Amino acid sequence: MKLIFARRRAQRGLRNVGVVVLVVGVGVGLSLAQTGDAPARKNKKAEYATLAEAPEKARERENPFAGDPQAVAAGGKLFEQHCAECHGAKAGGTRHGVSLLREEVQQAKPGTLFWILTNGVVRRGMPVWSKLPEPERWQIVTFLQSLNPRSVNSISENSEPAKPSLH
Amino acid sequence: MVARKVPQSILKKLRGIILLISSLLFCRASLLSAQESPYIVTYDHYLEEPGSLEVEYFSTFGTQRGGNDFDAFWTEFEYGVTAWWTTEVYLAGQTTFNDSMIFTGSRFENRFRLLQREHFVNPVLYIEFENTNAADKILKEVEGHDVESDYAPPNGVLRREHDHELEMKLLLSSTFKGWNVAVNPIVTKNLLPSEPWEFGYAIGASRPLALKASPNRCNFCRENFIAGVEMYGGLGDTQSAGLHDTSHYLAPVVAWNLPSDWTMRLSTGFGLNDNSHRLLLRWGLSREFSGLGEMVARLFGGRP
C-alpha cells in the first residue's frame with residue numbers, strides 16, 4: 001500500500017514538473033520570439049554582410065532560369081507564398097526581414113542569393129529554404145533579380161517601395 | 001468500467017471544441033503558405049518559421065486483433081520560436097469501437113537545430129515530455145517492445161496506467177535533388193526508475209511530384225503534391241535488446257499543399273510482422289499562420 005501511495009506522489013510530482021516546464025518553456029519562447037530578432041533589424045550593414053559569407057564556388061553558380069519570364073512569374077508566386085510574410089509583399093522589407101530592393105541584394109550574384117535561400121540566416125531568424133526544390137529556389141532568385149526598384153537606397157526598411165513588378 | 005463514469009456526451013464534444021478553437025485562431029491571424037513534408041511519424045530537419053503557429057489535426061484508424069478497432073486522434077500546436085527552435089504541444093484522445101472515447105494525455109515537445117547552415121546531413125535534437133495513459137493509441141512513435149496486444153484491453157483498464165516519459169530523438173535529414181531522406185533514432189525513458197530505456201526508429205524518404213513551380217496558382221499542380229514512404233518500429237530496451245517482440249510498419253505517405261494554406265496528409269501503414277497492427281490508416285489536416293508571437297507580445301505590452 002505504501003508503495004502505491006509513494007508511486008502516486010511521485011506521479012503527481014512529475015505532473016507538476018511537467019506543467020512548470022511547459023509554462024516556463026512557452027513563456028521563454030514567446031519572449032524570445034518578440035525580442036530575439038528586433039535588435040538585429042537596427043544594424044543594416046550586419047544584415048547584408050551575410051551576403052559576403054557565400055563561398056566563392058556558390059557565388060559562381062549560374063542561374064538556369066536567367067531571363068525566363070515564366071520563371072519570373074513562378075518565382076513571384078513562390079515569393080508571395082513563402083517570403084512576403086517577412087520581406088513584405090513588395091519585397092521592401094518589414095520588421096522581420098530586410099528589404100530585398102536595396103543595392104546589396106540587387107547587385108548580388110544569383111549564386112549568392114541562391115546560397116542565402118538554401119542556408120538561411122538562422123542566427124538572425126531567417127529559416128533555411130532547402131525544403132523548396134532547387135529549381136524553385138532558382139525561380140525565386142530569378143524573380144528577385146527581375147525587380148527594378150527606383151531609388152532603392154532611399155527606401156526605409158519599414159516602408160513599401162514604389163510598385164516593383166511582382167508578377 | 002471507470003471510463004463510463006465520464007459523460008460520453010462531453011467526451012464526444014472534445015474534437016468539436018478543438019476544431020472550433022482552431023477555426024477561431026485561423027480567423028485571427030494572417031496566412032502563410034506551407035510546404036509541408038508528407039511524413040506523419042518521421043521528422044525531417046525543417047522547423048516552423050519563426051513567429052508562425054501551425055495547428056494540425058491527425059487521426060489514426062487502427063485494426064486490432066483480440067480487441068476492438070480504434071480511431072486515435074490528436075491536435076498539435078506547433079510554434080516557431082526562432083529559426084533554430086520549434087516548440088509544440090499535443091492533446092490526444094481515442095475512440096475504441098464498442099467501448100468508449102477518452103482523453104489520453106498531452107505531450108510537450110521541443111526541437112533544436114544544431115547547425116546554423118545546411119549540410120549534407122542536418123541534425124536536429126528532439127526532446128519531448130509525455131504525460132499520457134496506457135490507452136494512448138496515436139502511435140506517433142513505436143519503441144521498445146510495443147506490440148499490438150498492448151492495445152487490446154478495454155479503455156477502462158488501460159487508462160488506469162499513467163506514463164510520464166522523456167523521449168529524445170536525433171533527427172538526421174538530408175535533401176538532395178528534390179529527395180528528402182530522414183532517419184530518426186529514438187530513445188525513451190519512463191521516468192519511473194525501475195523502467196528501462198527503450199529504443200526505436202523512424203525512417204522516411206519523399207519527393208515532390210514536380211521540382212519546378214508553375215507560373216499560376218493552382219490546386220492540382222504536381223508541385224503541390226509530395227509523395228514518399230516511411231518505416232518505423234521498436235528496437236527493444238536496455239533489459240531486452242533486439243527485434244524480438246517488436247512491431248514494425250511500412251507506410252506510403254502523400255501530402256497535398258494547397259495554395260489556400262491548408263495541407264492534407266494521408267498514410268496507409270501496413271504491419272510488417274505478427275506483433276504489428278495489420279493496418280494503420282492515418283490522415284491529417286493542418287494550417288499554418290503567422291503573427292502569433294506579435295499578437296501575444298502586444299497583449300503584454302510589447303512593441304507592435
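Residues numbered from 1 in each chain as written. Chains lettered and ligands numbered in written order. Predicted model: local features only at pLDDT ≥ 70, side-chain atom pairs only at ≥ 80, totals over all residues.

## Section: the overall build of chain A
Inclusion rule: Secondary structure elements follow DSSP: runs of H or I no shorter than four residues count as helices, runs of E no shorter than two count as strands, and numbering proceeds from the N terminus. The exposure scheme places C-beta atoms from the backbone and then counts, for each residue, the other C-beta atoms within 10 Å of its own, assigning buried at 20 or more, exposed at 12 or fewer, and partly exposed in between.
Of the regular secondary structure elements, chain A holds nine helices and zero strands. Written out in order from the N terminus, the α and β elements of chain A read α-α-α-α-α-α-α-α-α. Residues counted as buried form 44% of the 167 residues belonging to chain A.

## Topic: the overall build of chain B
Check the secondary structure of chain B and you find four helices and 13 strands. When each of the 304 residues of chain B is scored for burial, the buried share is 45%.

## Focus on the pairing of strand β3 (residues 70–82) of chain B
Taken residue by residue, a regular strand's side chains alternate between the two faces of the sheet. All names here are of chain B. Under the convention used in this document: Whether two strands pair comes down to DSSP finding at least two bridges between them.
Most of β3 sits out of view: ten of its 13 residues are buried. Judged from the ten bridges that link them, strand β2 (residues 52–62) and β3 form a sheet pairing that is antiparallel. Bridging from a neighbouring strand, F61 pairs with D71 of β3. Linking two consecutive strands that pair antiparallel, namely β3 and strand β4 (residues 85–96), is a turn of two residues.

## With respect to the packing of helix α5 (residues 69–82) of chain A against helix α9 (residues 134–146) of chain A
To characterise two packed helices, one gives the angle between the axes of the helices and the distance between these axes. Residues and elements named next belong to chain A. Quick note on the threshold: To define axes, lines are fitted to C-alpha atoms, for helices over the stretch in contact only, and angles between the resulting N-to-C directions are given on a 0 to 180 degree scale. We call two directions roughly parallel when the angle between them is under 35 degrees, roughly antiparallel when it is over 145, roughly perpendicular when it lies between 65 and 115, and oblique otherwise. We call two residues in contact when the distance between their C-beta atoms, placed using the backbone, is within 7 Å. Residues are grouped as follows: nonpolar covers Ala, Val, Leu, Ile, Met, Phe, Trp, Tyr, Cys and Pro; charged covers Asp, Glu, Lys and Arg; every other residue, Gly included, is treated as polar.
With their axes 7 Å apart at the nearest point, α5 and α9 run at an angle of 100° to one another. Compared by their axis directions, α5 and α9 come out roughly perpendicular. The residues of α9 that touch α5, namely those facing A71, V72, A74, G75, G76, L78 and F79, are E136, Q139, I140, T142, F143 and S146. For the contact of α5 with α9, the residue count by class is seven nonpolar, five polar and one charged.

## Observations concerning the environment of V128 of chain A
Inspection of the secondary structure puts V128 of chain A in the loop between α8 (110–119) and α9. In the structure, V128 of chain A is positioned 46 residues away from H82 of chain A in sequence and 11 Å away in space, judged by C-alpha atoms. The residues contacting V128 of chain A, other than those within four sequence positions of it, are T118, N119, G120 and V122 of chain A together with E118 of chain B.

## Here we look at the nonpolar core
Stated formally: In this description, a nonpolar core means buried residues of the types Ala, Val, Leu, Ile, Met, Phe, Trp, Tyr and Cys, linked to one another by C-beta atoms lying within 7 Å.
Of all hydrophobic cores here, the largest spans 41 residues; its most connected members are L113, L117, I140, V141 and L144 of chain A. Within the residue set of this core, elements represented by two or more residues are α5, α8 and α9 of chain A together with β2 and β3 of chain B. In terms of residue count, α5 of chain A provides more of this core than any other element does, six residues in total. Setting aside anything within four residues of it in sequence, one finds L117 of chain A in contact with W129, R137, I140 and V141 of chain A. Grouped together as the second largest cluster of nonpolar side chains are 24 residues, Y90, V142, L171 and V253 of chain B included.

## Topic: unusual backbone geometry
Positioned with a positive phi, A91 of chain A is a non-glycine residue whose angle comes to about 65°. Along the chain, A91 of chain A turns up in the loop between α6 (84–87) and α7 (103–106). In this model, K177 of chain B sits at a positive phi of 50°, which is unusual for a non-glycine residue. Following the sequence through the fold, K177 of chain B ends up in the loop between β7 (162–176) and β8 (179–190). Accessibility expressed as a C-beta count within 10 Å gives 8 for K177 of chain B, which makes it exposed.

## Digging into the confidence of the model for chain A
Residue and element names in this part refer to chain A. Condition: The quantity known as pLDDT measures the predictor's confidence residue by residue, on a range of 0 to 100.
Looking at chain A as a whole, the pLDDT averages 76, with 62% of positions reaching at least 70. Here residues 31–41 is modelled with pLDDT under 50, and outside its nearest four sequence neighbours on either side it reaches 18 contacts, counting other chains as well. For the stretch residues 151–167, pLDDT sits under 50, and the model shows 36 contacts to residues farther than four places along the chain or on other chains.

## Some remarks on α5 of chain A
Residue and element names in this part refer to chain A. Quick note on the threshold: Helices are assigned an expected span. That span is 1.5 Å times one less than the residue count.
Here α5 is 14 residues long and its end C-alpha atoms lie 20 Å apart, about the 20 Å a rise of 1.5 Å per residue gives. Buried residues dominate α5, accounting for eleven of its 14 residues. Of the positions making up α5, those classed as buried are A71, V72, A73, A74, G75, G76, K77, L78, F79, Q81 and H82. Summarising the contacts, the buried residues of α5 are in contact with α6 and α9.

## Section: the environment of F220 of chain B
On the secondary structure map, F220 of chain B appears in the loop between β9 (197–208) and β10 (225–237). Taking the C-alpha atoms as reference, F220 of chain B lies 8.3 Å from L258 of chain B; in sequence the two are 38 residues apart.

## With respect to the environment of W256 of chain B
In this structure, W256 of chain B sits in strand β11 (residues 248–257). Residues W256 of chain B and R222 of chain B, spaced 34 residues apart in sequence, show a C-alpha to C-alpha distance of 9.4 Å.

## A look at the packing of α8 of chain A against α9 of chain A
Residues and elements named next belong to chain A. Inclusion rule: Each crossing gets its handedness from the near helix: less than a right angle anticlockwise from the far helix is left-handed, clockwise is right-handed.
The geometry of α8 relative to α9 is characterised by a closest axis approach of 9 Å and an angle of 125° between their N-to-C directions. Taken together, the axis directions place α8 and α9 in an arrangement best described as oblique. Crossing geometry of α8 relative to α9 is assigned as right-handed. From α8, P110, L113, F114, L117 and T118 reach across to α9, where they touch R137, W138, I140, V141, L144 and Q145.

## Some remarks on the confidence of the model for chain B
Across chain B, the average pLDDT comes to 89, with 88% of residues at or above 70. Listed scores for the predicted complex are pTM 0.82 and ipTM 0.84.

## Considerations on the pairing of strand β5 (residues 101–113) of chain B
Residues and elements named next belong to chain B. Relative to β5, β4 is paired through eleven bridges, and the arrangement is antiparallel. In the strand pairing of β5, W85 is matched with F112. Following β4, the chain reverses through four residues before pairing antiparallel with β5; N98 in that reversal takes a positive phi of roughly 65°. Taken together, the nine bridges between β5 and strand β6 (residues 122–133) define a ladder with antiparallel strand orientation. Within β6, the position partnered with N110 by the bridge is I127.

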